[in-house]
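# Fold and contact review
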Amino acid sequence: MTAARSPLTSADRPQPGLRERKKIKTREAIRAATYALVEEQGYDATTIEQIAERAEVSPSTVFRYFPTKEDIVLTDEYDPVLLEEVRSRPADEPWPDTIRTVMREAVRTGVDADLEVARLRTRLMVEVPAVRSRMMESMSVTGRLLCTAIGERTGRAPDSLEVRVYAMALIGGLMETSLYWAEKGHQDDFTSLVDRTLLVLQHGLPRENP
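This report concerns the structure included in the present document. Note that the coordinates shown come from a computational prediction; the quantities given were computed from them, not determined experimentally.

As enumerated under the stated definition, the model contains 11 salt bridges in all. The partner of R87 in a salt bridge is E152, and the shortest N-O contact between them spans 2.7 Å. Of this pair, R87 sits in helix α5 (residues 78–88) while E152 sits in helix α8 (residues 129–154), and the two are 65 residues apart along the sequence. In this structure, a network of salt bridges that share partners links the residues E39, R123 and E127.

Turning to its location among the elements, D195 is positioned in helix α10 (residues 190–203). Its relative accessible area of 15% is what places D195 among the buried residues. In this structure D195 touches R100 and R104, once residues within four positions along its chain are discounted.

Two numbers describe how α8 lies on helix α9 (residues 161–183): the axes approach to 8 Å, and their chain directions differ by 135°. Taken as axis vectors, α8 and α9 run oblique relative to one another. In this structure, the crossing between α8 and α9 has a hand that is right-handed. Note on element contacts: α9 touches α8 through V163, R164, Y166, A167, M168, L170, I171, G172, M175 and L179, opposite R132, M135, M136, M139, S140, T142, G143, L146, C147 and I150. Here the contact of α8 with α9 is composed, by residue class, of 14 nonpolar, 4 polar and 2 charged.

In the contact formed by helix α1 (residues 18–41) and helix α7 (residues 115–127), the axes pass within 11 Å of each other and the chain directions differ by 65°. It follows from the interaxial angle that α1 and α7 lie roughly perpendicular. As for how α1 packs across α7, the hand of that crossing is left-handed. Residues Y35, V38 and E39 of α1 touch α7, and the partners they reach there are V117, L120, R121, R123 and L124. Of the residues in the contact of α1 with α7, the class split is 5 nonpolar, no polar and 3 charged.

In this fold, S88 is placed in helix α5. Exposure remark for S88: the relative accessible area of 23% places this residue in the partly exposed category. Separated by 14 residues in sequence, S88 and V102 place their C-alpha atoms 9.8 Å apart. Of note is the side chain of S88, whose polar atom sits 2.8 Å from the backbone oxygen of E85.

Criteria and thresholds
Residues numbered from 1 in each chain as written. Predicted model: local features only at pLDDT ≥ 70, side-chain atom pairs only at ≥ 80, totals over all residues. Heavy atoms only, no water. Salt bridge = Lys/Arg side-chain N within 4 Å of Asp/Glu carboxyl O. Helix = DSSP H or I, 4+ residues; strand = E, 2+ residues; numbered from the N terminus. Buried < 20%, exposed > 50% of the residue type's maximum accessible area, 1.4 Å probe, protein only. Contact = heavy atoms within 4.5 Å. Axes fitted to C-alpha atoms, helices over the stretch in contact; angles between N-to-C directions. Parallel < 35°, antiparallel > 145°, perpendicular 65-115°, else oblique. Left-handed = near helix turned anticlockwise from the far one by under 90°. Nonpolar A, V, L, I, M, F, W, Y, C, P; charged D, E, K, R; others polar. Polar contact = N/O pair within 3.5 Å; in protein donor to acceptor, adjacent residues only side chain to side chain.

In structure tokens:
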């Protein structure tokens, strides 16, 4: 495994233009408003109108960025970055090492950077059926993107059965890891849980200790 710094870390990644920066700022304002309101009054009591008022945008703007309230909780900026990280790894690096390195970076970016938000999002996945249902729907989109990256790295067809099964097993495993983390009160180290998940995907279900 290479110890070289990824060329797609935040310091090196090309910066977005002014228009894209404004879009990101608006999305972040909507998310921040949603998280604050949910903490104050609960998910079901939080309305799009309240979110729009808190974020200082119109309700139509909220819907333009997020088709449903559940999407505000689930959508982030990390999927494209994750795929670029896969593409940036050394071509001769073993695939399990690539996935482990990329997943660790994703955890650092998406969880460690704002632990309280990560806890809230995963708690809502457990507690709110609509959020969990929407998460299942969004898995297919992320899975297709991952299939493309896996196909590029392994030389397999992105739409082959093997690639599709592996991609969705990985996405599903990570979702279950997030649910497990929340169900256990976020007491475990999330990075360690992800490592355990990847070991199961790589080697299969381990035999119970006698």
